[in-house]
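# Reading the structure
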Amino acid sequence: MKRVNLIQEEKPRLLRFGLPVVYCLLVVVLITLIVLNHRSYFGIPAWCVNVPVAGMLLIENAVKFWGFKNYKAKIVCYVFDILCLMTLTIFSDGTLISVLYMIILSEFYLNSKGLGGSIAICVSSIVLFLITFGISALFKRQWLSLTQIFTNAFNDLILLIFHFLIVNFAVQLFRKNKELASAVEDVNKTNEKLRIAYEELKEITALEERQRIAKDIHDTAGHSITTVIMQTEAAKLAVENDPQEAKRRIAAANLQAKHALEELRESVHLLSGVSREVTLKEEILDVINDSTDGTGIVIRCDVDDVTLCDAKRRFVLNTLKEGISNGLRHGNATAFYFELKNGGDRVEFMLSDNGCGMELSSLKEGFGLTGMHARAESLGGSVYFETEPDEGFEIHLNLPMDEEGDKK
């Protein structure tokens, strides 16, 4: 369908330049034929027949060239062309008749949609030319055998064949060049659309990333700072009646503030496009060191050196921070055990504390725990919790290992 449309689009341009040239040649050849034929045939001067026939042929071809637009309407014109050519052949010595055939055929070749139609009309024209040549000889009482007709018309036949090859080669070359130019133009347009789409995608991706980071800051750092405020307010109330409780609250607030500061720093790194050149294991050890420094809590760990994309890495770190903070605030924990293991196609996370624990059925998941579930599912993993009264609290998280093409 596209090829047909392309040919239909290119045809007006092809005909716009080709048809005037063909028509001018027709005029020149007809004038030359009339001038060169001074003889009389059957007692009639040649010009008395050739001049009106040439005039009618010129008028008919002008109508055919620029008046009729479809092939069916031109069939009558082609029949009329043959009759005129037969008449001119009879009332001439045969000179330039083959040229007239070539001019008439040129118009057909220019209009033809495919090579098959051009081949058919070329073969038909050669047969008609031979028939016309034979009929002309009979009218002139020149008895020619079929072999003689072929011999006398041999040069003309060669010209007709060469004309077919040259004109159709030029037409097909023109069309192929148009197709190629159109294909190149389509590719350029497609590339430009892809470039624009890529630029838009980069802007959208950057905006989505900023929005995600802003949400992370609001959800994590904002939640941590709120917890710090609550812990310090509770410490103020308990400082006189229960100094140990106040001390524990302040330690928890201090730890939460450190985590909030670390989260803000991480967000700033992301926004600036500068990534920290440290491994996940090193970052986990930094979190553990910050959590134990000055708080009096103990954290033992067993961490494999695994590599995760940025989204999973941040989730693992935030889950560890949230788990330690929750253990201090809600479970009165003083010691934790953490492990991160490479399970082949999964990363297995476990954080356990020695806090007071609770009945699992009475566990009410707040902001932090609910967010863990949602984030784990979005990354293709899962999280669950284990707890019993006086048996502490455990967080179990597993995530799929990175696949090739995972986004950072």
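Please refer to the structure higher up on the page.
Residues numbered from 1 in each chain as written. Predicted model: local features only at pLDDT ≥ 70, side-chain atom pairs only at ≥ 80, totals over all residues. Heavy atoms only, no water.

A few words now on the pairing of strand S5 (residues 346-353). Burial within S5 is extensive, with six of its eight residues counted as buried. Across seven bridges, the pairing between strand S4 (residues 335-342) and S5 is antiparallel. Within S5, the residue paired with Lys 341 across the bridge is Glu 348. Counted along the chain from S4 to the antiparallel partner S5, the turn is three residues long, and its residue Gly 344 has a positive phi close to 90 degrees. Both S5 and strand S7 (residues 393-400) contribute to a ladder of seven bridges, which runs antiparallel. The partner of Leu 351 across the bridge, within S7, is Ile 395. (Buried < 20%, exposed > 50% of the residue type's maximum accessible area, 1.4 Å probe, protein only. Helix = DSSP H or I, 4+ residues; strand = E, 2+ residues; numbered from the N terminus. Pairing = 2+ DSSP bridges.)

Contact geometry for helix H9 (residues 280-292) and helix H10 (residues 310-331): axes closest at 11 Å, N-to-C directions at 20 degrees. As far as their axial angle goes, H10 and H9 are roughly parallel. Considering the relative orientation of H9 and H10, their crossing is right-handed. In this structure, H9 uses Leu 280, Glu 283, Ile 284, Val 287, Ile 288 and Ser 291 to contact H10, whose residues at the interface are Arg 313, Val 316, Leu 317, Leu 320, Lys 321 and Ile 324. (Axes fitted to C-alpha atoms, helices over the stretch in contact; angles between N-to-C directions. Parallel < 35°, antiparallel > 145°, perpendicular 65-115°, else oblique. Left-handed = near helix turned anticlockwise from the far one by under 90°. Contact = heavy atoms within 4.5 Å.)

Moving on, we get to a nonpolar patch on the surface. The grouping of Leu 115, Ile 119, Val 123, Val 127, Leu 128 and Ile 131 at the surface amounts to a nonpolar patch, some 470 Å² of accessible area in total. By the secondary structure assignment, Ile 119 is in helix H5 (residues 115-139). (Patch = residues over 30% accessible without salt bridge, like charges linked within 9 Å, V, L, I, M, F, W, Y side chains within 5 Å. Areas by Shrake-Rupley, 256 points an atom, 1.4 Å probe, with all protein chains shown as cover. Salt bridge = Lys/Arg side-chain N within 4 Å of Asp/Glu carboxyl O.)

All right, on to the nonpolar core then. Formed by 43 residues in total, the largest nonpolar core has its most connected members in Leu 30, Leu 88, Leu 100, Phe 129 and Leu 160. Secondary structure elements with two or more residues in this core: helix H1 (2-36), helix H2 (46-66), helix H3 (71-90), helix H4 (97-111), H5 and helix H7 (154-238). A per-element tally of this core places H4 first, with ten residues. Not counting residues up to four positions away in its chain, the partners in contact with Leu 100 are Leu 26, Val 29, Leu 30, Leu 33, Leu 85 and Leu 88. Among the nonpolar cores identified, the runner-up in size contains 37 residues, and Cys 309, Val 316, Ala 376 and Leu 379 belong to it. (Core = buried A, V, L, I, M, F, W, Y, C linked by side-chain atoms within 4.5 Å.)

For the α-helix, the turn length of 3.6 residues means that residues three or four positions removed from each other point alike. In this model, H9 (13 residues) spans 19 Å end to end at C-alpha, consistent with the 18 Å of a helix rising 1.5 Å per residue. Every buried residue of H9 is listed here: Leu 280, Glu 283, Ile 284, Val 287, Ile 288 and Ser 291. Taken end-on, H9 shows its buried residues confined to a sector of 140 degrees, consistent with a single buried face. (Expected span 1.5 Å × (residues − 1). Arc of directions from axis to C-beta.)

In terms of residue burial, S7 counts as a mostly covered element, since seven of its eight residues are buried. When strand S6 (residues 382-387) meets S7, the two strands line up antiparallel, connected through six bridges. Considered in S7, the bridge of Glu 386 is made with Glu 394.

The next point concerns H4. When the terminal C-alpha atoms of H4 are compared, their 22 Å separation across 15 residues agrees well with the 21 Å that a helix rising 1.5 Å per residue should span. Among the 15 residues in H4, 14 count as buried, and that is most of the element.

You will see that Asn 332, though not glycine, has its phi angle at about 50 degrees, which is positive. In this structure, Asn 332 sits in the loop between H10 and S4. The partly exposed category is assigned to Asn 332, whose relative accessible area is 40%. Of note, the phi angle at Asp 390 is positive, near 65 degrees, even though the residue is not glycine. Assignment of secondary structure puts Asp 390 in the loop between S6 and S7.

This part is about the sheet that holds S6. Strand order across the open sheet formed by five strands is S3-S4-S5-S7-S6, with mixed pairing between neighbours. The two strands at the open ends of the sheet, each matched to only one other strand, are strand S3 (298-303) and S6. Taking the axes of each pair of neighbouring strands and ignoring which way they run, one obtains an average angle of 10 degrees across the sheet. The sheet contacts of H10 involve S3, S4, S5 and S7, and relative to S7 the element is tilted by about 175 degrees.

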